[in-house]
Amino acid sequence: MYAALSPGAVGVSFPDLFSKIEGTARHGFGGVEIDPNEVIANGSDAVNAAFERAGIKPAAWGMPVDWRSTEENWKAGLEKLPALAAAAKSVGCFRTCTWIMPASNDRELAENRAFHIDRFKPIAEILGEHGHRLGLEFIGPKTLRDQFKYPFLYEIQDMLTMAKEIGSNVGLLVDAYHWYTLHARVTDLEKLEEKDVVYVHVNDAPVGIAVDEQQDGTRDLPGATGVIDIAGFLGALKRVGYTGPVTPEPFKKDLADLPNNDARLEATAASMRKILATV
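Because the structure is predicted, anything quoted here is derived from the model rather than measured.

> Explain the packing of helix H5 (residues 109-129) against helix H7 (residues 156-166) to me, using residue names and the numbers behind them.
One can describe the packing of H5 onto H7 by two numbers: an axis separation of 9 Å at closest approach and a directional angle of 45°. Regarding the angle of H5 to H7, the classification is oblique. Pair H5 / H7 crosses with right-handed handedness. Residues Arg-113, His-116, Ile-117, Phe-120, Lys-121 and Ala-124 of H5 pack against Thr-161, Met-162, Glu-165 and Ile-166 of H7. Grouping the amino acids of the contact of H5 with H7 by side-chain chemistry returns 5 nonpolar, 2 polar and 3 charged.

> I'd love a proper account of the packing of aromatic side chains, names of residues and values included.
One pass over the structure, following the stated rule, counts 2 aromatic pairs. Directly above the aromatic system of Trp-99 lies the positively charged group of Arg-68, at a separation of 3.7 Å from the ring centroid. Between Arg-107 and the ring centre of Phe-115, over which it is positioned, the NZ or CZ distance is 3.7 Å.

> A description of the pattern of salt bridges should follow, citing residues and the corresponding values.
Oppositely charged side chains are able to pair whenever their charged atoms sit close together. The tally for this structure, following the rule as stated, stands at 16 salt bridges. With a shortest N-O distance of 3.9 Å, Asp-188 and Lys-191 are connected by a salt bridge. Here Asp-188 falls in the buried class, since its relative accessible area comes to 18%. For Arg-219, the salt bridge is made with Glu-249, and the minimal N-O distance between the two is 3.2 Å. Of the two residues, Arg-219 sits in the loop between strand E9 (197-202) and helix H10 (230-239) while Glu-249 sits in the loop between strand E10 (245-248) and helix H11 (261-276), which places them 30 residues apart along the sequence. A cluster of three or more residues bridged by salt bridges with shared partners is formed by Asp-175, Asp-216, Arg-219 and Glu-249.

> A description of the sheet that holds E10 should follow, citing residues and the corresponding values.
The strand order around the closed barrel built from 8 strands is E1-E2-E3-E4-E6-E8-E9-E10, with neighbouring strands paired in parallel fashion. Taken pair by pair, the neighbouring strands of this sheet meet at an average axis angle of 35°, ignoring direction. Pairing analysis gives 2 bridges linking strand E1 (residues 2-5) to E10, with the strands arranged parallel. Considered in E10, the bridge of Ala-3 is made with Val-246. Along the sheet, helix H1 (residues 17-26) makes contact with E1 and strand E2 (31-34), crossing E2 at roughly 155°.

What counts and what doesn't
Residues numbered from 1 in each chain as written. Predicted model: local features only at pLDDT ≥ 70, side-chain atom pairs only at ≥ 80, totals over all residues. Heavy atoms only, no water. Axes fitted to C-alpha atoms, helices over the stretch in contact; angles between N-to-C directions. Helix = DSSP H or I, 4+ residues; strand = E, 2+ residues; numbered from the N terminus. Parallel < 35°, antiparallel > 145°, perpendicular 65-115°, else oblique. Left-handed = near helix turned anticlockwise from the far one by under 90°. Contact = heavy atoms within 4.5 Å. Nonpolar A, V, L, I, M, F, W, Y, C, P; charged D, E, K, R; others polar. Phe/Tyr/Trp six-rings, centres within 6.5 Å; stacked < 30°, edge-to-face > 60°. Lys NZ or Arg CZ within 6 Å of the ring centre and 35° of its normal. Salt bridge = Lys/Arg side-chain N within 4 Å of Asp/Glu carboxyl O. Buried < 20%, exposed > 50% of the residue type's maximum accessible area, 1.4 Å probe, protein only. Pairing = 2+ DSSP bridges.

Interpretation in functional terms is not warranted from these geometric data alone.
Okay, here's the thing in structure tokens:
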């Protein structure tokens, strides 16, 4: 496992792809998320050379298809997906992910499950043609689910079952905060196989708030509070064979109060060094 960076998740921005690669490497991360459009704009040769100079990897790319809204938008996204998948492939980036709402006001569970499978199957097929894996993120907080009329999939095994029905190249994005807010255990992670885990997010939870009262948008840097058993979380993933990127997603507002990118990156990098030293 290695520390990867999602710049926006820690309040950091870069003027271009090359400064993003350089800045990520300078702070000790082993990889960074990319936008395939950046590869198309700059050319894969130049992007590959930049990653090689920096000694880091392209960790993942955000799944760009608007599958949640209208059929028209979904189909438009499908038309653009092959070119983006090819661009990501050209720089050796084969992980892409999206999150799944754990409830709905519009569809009951069976209808919603069918909707997700129908929308994702052609996405997975296109991704598979280019060697990509798709990770579906389960969302844990009860406070979020309680805002909606109909519950949907949020348990680890339920999401994994749907992922496998969608395609053999589909698995999970496993987020420590969502694992914690589901009251899940280390043994739940140990039931997974290496191929089930596409991507990993790490973070911590605020002190003094009951698990079922945790709010999705309020978290902390990984290892900051000790509320989440991050050593147990990462240890379980290591035991099932996961060796890929581990990316902080703290949603920590205080990071924005730090004076610049370097300060935010160093605070984040320090938290990653701390937690990765436990496995």
